[in-house]
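Below are the chains, spelled out letter by letter.
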Amino acid sequence: MKYGLLGKTLGHSLSPKIHGLFADYSYELFEREEDQIEELLADPKIQGLNVTIPYKETVLKFCNTLTDRARSIGCVNTIVIDKNRQITGDNTDFYGFDYLLERMEIPHGKDLGIIIGDGATSKTVSAVLRHRGIPFVILSRSTKPFLSDAKAYAHGTILINTTPVGMYPHNGKTALSLDPFPKLKAVVDVIYNPLRSELLLQAKERGIPYSGGLPMLVAQAKAAAELFTGTKISDEKTEEVLRQLQQESQNIVLVGMPGSGKTTVGKRVAKLTGKTFIDLDHEIVRRERRSIPQIFEESGEAHFRKLERQVTEELGKKLGVVLATGGGVILDPRNKHPLAQNGRIYWIDRNIKKLATKDRPLSKNQNSLFKMYRIRKPKYRDFADVYLRNVRFNVTAERIVEDFYENTDD
């Protein structure tokens, strides 16, 4: 028997990993064009499938039976095929999104939900809000009310993005900003790659409770696994799987003065966690085929900062790495969100007198270092989630690992 995920573009799907943590069955990715779906469903080895965009409504015509939930929502994300090849369509996304709201402690009723997007996922989110007695409005690009009408709903308290805007590889984009909604109590984005979309990073900076789509993805997979196996799975197992995925996916990002030990500490952290270590400056050198002193001397600091920003945007999209940044990455505030979208950021601080200065263009002497530190200190503080004084490299690495596993969040 085989199970799997049906969709059009599935290269970065976490579903095989998640289902492997929930149950012991073969789970594959089935990338298909629309005209190939019927042939896949006719495969006698296929016993069940999850369905993702753009086929959540397409598969309705292949279902012999729909659960009441799937029928009322009007889309399917899970199908089960019995021994007579009869196909039942269900919607476990409903359970997944309801679980997400429960984790966020979103109460039933009263608050106004603002849903961005009118696709299949929007239908599921609407059904959950309706089930919870939460009034809502859907803002769309194509039908009224439009996204441009957002200011008319300034009293909205829960904002939910159901569109793929901002999803990897198009990180950093939003369908709508938070500016029109001054009364928000919660922000949700069903996207799970990146872990924190641009919308969620805005919420984080404003102190608004937020959640990405990973809890929804894991919870709906748990519900699908129950349908596939006929076996009940506990919510404790759901949280265990979710936490494991968060820890595996989230980056550990190190910022700090040149020579503060980011590379040495980062390599030790990578060894302790099993994550891949990447040095941002070394990546720039590799691509330019010039040392950093050469880049500064031949092309100037402005050129180097431009390269640094480009590489930061690219490396920030990665998942599950330890990333040691250059000492000046915090000079451009636009570098903050690329590093924070998938990472927990640690400021590695070290006594100025102990900083290494060899081959560091801007660290020529103690006076220049003290001046540099005064300018950069508030910027390191702004970027970082955690401050650590680096007295001994091995101790600092162990403290980072301990903090990371204790505080991995959505």
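Quick note: structure is the one above.
Treat the numbers as computed from the prediction; the structure is a model and nothing was measured. (Residues numbered from 1 in each chain as written. Predicted model: local features only at pLDDT ≥ 70, side-chain atom pairs only at ≥ 80, totals over all residues. Heavy atoms only, no water.)

A. Summary view of the overall build of the chain. When you go through the chain residue by residue, the secondary structure sums to 15 helices and 16 strands. What you see for the chain is a C-alpha radius of gyration of 24 Å, in line with the 22 Å of a compact globule of 410 residues. Counting every position in the chain, which comprises 410 residues, the buried fraction comes to 55%. Counted over contacts in the chain with a minimum sequence separation of 6, partners at least 24 positions apart contribute 70%. In the structure as shown, the chain presents an accessible area of about 18,900 Å², 49% of it carried by carbon and sulfur atoms. Distance between charge centres in the chain, computed from 61 positive and 51 negative side chains, equals 7 Å. (Helix = DSSP H or I, 4+ residues; strand = E, 2+ residues; numbered from the N terminus. Rg over C-alpha atoms; globule rule 2.2 N^0.38 Å. Buried < 20%, exposed > 50% of the residue type's maximum accessible area, 1.4 Å probe, protein only. Contact = heavy atoms within 4.5 Å. Areas by Shrake-Rupley, 256 points an atom, 1.4 Å probe, with all protein chains shown as cover. Lys, Arg positive; Asp, Glu negative; His and termini not counted. Charge placed at Lys NZ, Arg CZ, Asp CG, Glu CD.)

B. View of the sheet that holds strand S4 (residues 65-66). Ordered in space as S2-S1-S3-S5-S6-S4, the six strands form an open sheet in which the pairing is mixed. Of all the strands in the sheet, the pair left with one neighbour each is strand S2 (26-31) and S4. Relative to S2, strand S1 (residues 2-7) runs parallel, the two being bridged by six bridges. By the bridge assignment for S2, lysine 2 is matched with serine 26. In the packing of helix H1 (residues 15-22) onto the sheet, contacts are made with S1, S2 and strand S3 (46-51), and the angle to S2 comes to roughly 160 degrees. Most of the contacts of helix H7 (residues 214-229) go to strand S5 (residues 78-81), to which it runs at about 10 degrees, and overall it touches S1, S2, S3, S5 and strand S6 (87-90). (Pairing = 2+ DSSP bridges. Axes fitted to C-alpha atoms, helices over the stretch in contact; angles between N-to-C directions.)

C. View of unusual backbone geometry. Of the consecutive residues tyrosine 168 and proline 169, the connecting peptide bond is found in the cis state with omega at 5 degrees. Looking at the element boundaries, proline 169 is found in the loop between strand S9 (158-161) and strand S10 (186-189). Geometrically, the link from asparagine 193 to proline 194 is a cis peptide bond, its omega value of 10 degrees lying close to zero. Mapped onto the secondary structure, proline 194 falls in the loop between S10 and helix H6 (198-205).

All quantities given are derived from atomic positions and should not be read as evidence of function.
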